[in-house]
Amino acid sequence: MSTSLLYHGFGISGYHHVSSKFQGSAIHFWLEQDRFSLRCPECGSYQVKRQGKVMRSFRTVPIGLKPVWLHLAVQRVRCLLCNVLRQVHLGFASRRRSYTRSFERYALELSRHMTIKDVACHLGVSWDVIKDIQKRNLKRRFAQPKLHKLKQIAIDEISIGKGHRYLTIVLDLKSGAVVFVGDGKGGEALEPFWQRLRRQKVCIEAVATDLSPAYISAVLNNLPGAVHVFDHFHIIKLFNEGLSDLRRKLYHEVTDLLQKQVIKGTRWLLLKNPENLNQERNEAERLEEALRLNKPLAIAYYLKEDLRRLWEQPSKAAASAFLEDWIARAETAGIPFLHKFSKTMALHRRGILAYYDYPISTGPLEGTNNKIKTMKRQAYGFRDLEFFKLKILALHETRYALVG
């Protein structure tokens, strides 16, 4: 075998082929290092003296469907300049690994289109070997995301299992990349992220979160100069939850059987946007009948529809006037749920209207969270939390979900 084939086929230089053998359905090559290529692994000097060697074997890229093994004696040398006694450096393989860099690259390329289990079966190695290759590659590329261009971020948490296990995700709204994954939820989970921002002197312009007091406090304390925007999807969701509770309460209060029957089937109709009502199922007519028979439900429903228009105003001043009018109507509606919600809107007025300064939301992060859930479901969970977090950080570059 020529040295050119060793280099171009297996990424090996400084060695020559000694012999070959086909044994046990695998191809075996025995190699020997060229004397002139021996160098001190510490200072790089060629002035070395050989002092022993150890035989090692490495998996490399297969030939067809046949596994290929490389066998060679790794030379130990003493440097005549720095007097260090070490094994020579192997340029074609990482330290303490039983496979070559070309095998590693091949496994990573297959991992773009196959699961870890499929790659391991195809190459005839254990699941842990392929997982270790992926993990080291992900750690090298994504363990420390660059933050210097970070301007607008979204923060939210995601449940990763039973027992109230959560991860807190921070998304760069400009690039769509996850820049931080914290353990747990709330302000404490974000502390390592704030430390990195201070260390790198990053200037964040705007932050999008839900109405969580923990996030409000964390942003206020750590990013006092940033504009805090409260996500409008979470606000609508919060109102819808209250509307569902109101419908349930009214259902138990009414005594008329007809009203009970009408209210019972309107939960999803109340939560749907009017344009999404199914005409073939007469959903609009059913909703209209339920609202006609129950005034409190009608008031809450029409206030919900008006609330959606808050983020469609032509200017911040118009939105502010619209919000004040909405709060006044909700306060005087005589419905406890609406009175309480109006107080919430008034308390968070500044962050709600900040949308007109920075029209951002946690919507892109919700999409990322759905991808994370899909990846976790495809992998039937993750035994290694660090590996899972690295996959989340790499999610924006993943065309195919790397599953376990």
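Note: the structure precedes this text.
Let us look at the structure shown here. Here the structure is a predicted model, which means the values were calculated and not measured.

**Considering the overall build of the protein chain**
Assigned secondary structure in the protein chain consists of 16 helices and ten strands. When each of the 404 residues of the protein chain is scored for burial, the buried share is 45%. Restricting to contacts in the protein chain with at least 6 residues of sequence separation, those with at least 24 account for 56%. Of the roughly 22,200 Å² that the protein chain leaves accessible, carbon and sulfur atoms contribute 52%.

**Points about the pattern of salt bridges**
Close approach of charged atoms lets side chains of opposite charge pair. Applying the stated criterion to the full structure yields 20 salt bridges. The closest approach of N and O atoms between Arg86 and Glu42, which form a salt bridge, is 3.7 Å. Remark: Glu42 occurs in the loop between strand S2 (26-33) and strand S3 (48-63) and Arg86 occurs in strand S5 (residues 85-87); sequence separation between them is 44 residues. Between Lys131 and Asp384 there is a salt bridge, and its shortest N-O distance comes to 2.7 Å.

**Some words on the nonpolar core**
The biggest cluster of nonpolar side chains holds 67 residues, and the ones touching the most others in it are Ile169, Ile235, Leu307, Leu310, Trp326, Met345 and Ile392. Once residues within four sequence positions are removed from consideration, Leu310 is found in contact with Ala319, Phe322, Leu323, Met345, Ile352 and Tyr356.

**Re the environment of Leu90**
Relative to the assigned elements, Leu90 resides in the loop between S5 and helix H2 (101-111). Taking the relative accessible area as the measure of exposure, Leu90 reaches 9% and is therefore buried. Residues Leu90 and Ile12, spaced 78 residues apart in sequence, show a C-alpha to C-alpha distance of 9.2 Å.

**Description of the sheet that holds strand S6 (residues 152-161)**
The strands that make up a sheet pair up through hydrogen bonds in the backbone, lying either parallel or antiparallel. The five strands lie next to each other as S8-S7-S6-S9-S10, forming an open sheet whose pairing is mixed. If you trace the sheet from one side to the other, it starts and ends with strand S8 (178-183) and strand S10 (227-230), each paired once. In this sheet, adjacent strand axes meet at a mean angle of 25° when their direction is disregarded. Of the strands in this sheet, S6, strand S7 (165-172) and S8 are in contact with helix H15 (residues 363-378), which crosses S6 at around 30°.

**Describing the packing of H2 against helix H4 (residues 127-142)**
Running from N to C, H2 and H4 point in directions that differ by 90°, and their axes come no closer than 10 Å. One finds that H2 runs roughly perpendicular with respect to H4. Counted together, Phe103, Glu104, Ala107, Leu108 and Ser111 of H2 and Ile130, Ile133, Gln134, Arg136 and Asn137 of H4 form the full contact between these two elements. Partitioned by chemical class, the residues of the contact of H2 with H4 number five nonpolar, three polar and two charged.

**Concerning the packing of aromatic side chains**
Two aromatic rings, taken as a pair, are described by how far apart their centres are and by the angle between their planes. Under the counting rule described, the total for this entry stands at 13 aromatic pairs. Here Tyr99 and Phe103 contribute two aromatic rings whose centre-to-centre distance is 5.8 Å and whose plane-to-plane angle is 40°, an arrangement assigned as tilted. For the pair formed by Tyr99 and Phe103, the shared burial category is buried. Between Phe239 and Phe341, the ring centres sit 5.0 Å apart and the planes meet at 90°, which makes this aromatic pair edge-to-face. Of this pair, Phe239 sits in helix H7 (residues 232-253) while Phe341 sits in helix H13 (residues 336-347), and the two are 102 residues apart along the sequence. Taken as a pair, Phe239 and Phe341 share a single burial class, namely buried.

**Considering the pairing of S2**
Looking down a regular strand, the side chains alternate between one sheet face and the other. For S2, a buried count of six out of eight residues is recorded, marking the element as mostly surrounded by other parts of the structure. With eight bridges joining them, strand S1 (residues 15-23) and S2 adopt antiparallel strand pairing. For Tyr15, the partnering residue across the bridge sits in S2 and is Gln33. Turn length for the S1-S2 hairpin, with the two strands adjacent in sequence and antiparallel, is two residues, and the turn residue Gly24 shows positive phi of about 60°. One ladder, built from five bridges, connects S2 with strand S4 (residues 66-79); its direction is parallel. Residue Ile27 lies in a different strand from S4, and its bridge partner there is Val68.

Procedures and definitions
Residues numbered from 1 in each chain as written. Predicted model: local features only at pLDDT ≥ 70, side-chain atom pairs only at ≥ 80, totals over all residues. Heavy atoms only, no water. Helix = DSSP H or I, 4+ residues; strand = E, 2+ residues; numbered from the N terminus. Buried < 20%, exposed > 50% of the residue type's maximum accessible area, 1.4 Å probe, protein only. Contact = heavy atoms within 4.5 Å. Areas by Shrake-Rupley, 256 points an atom, 1.4 Å probe, with all protein chains shown as cover. Salt bridge = Lys/Arg side-chain N within 4 Å of Asp/Glu carboxyl O. Core = buried A, V, L, I, M, F, W, Y, C linked by side-chain atoms within 4.5 Å. Pairing = 2+ DSSP bridges. Axes fitted to C-alpha atoms, helices over the stretch in contact; angles between N-to-C directions. Parallel < 35°, antiparallel > 145°, perpendicular 65-115°, else oblique. Nonpolar A, V, L, I, M, F, W, Y, C, P; charged D, E, K, R; others polar. Phe/Tyr/Trp six-rings, centres within 6.5 Å; stacked < 30°, edge-to-face > 60°.

Nothing here speaks to function; it is all geometry.
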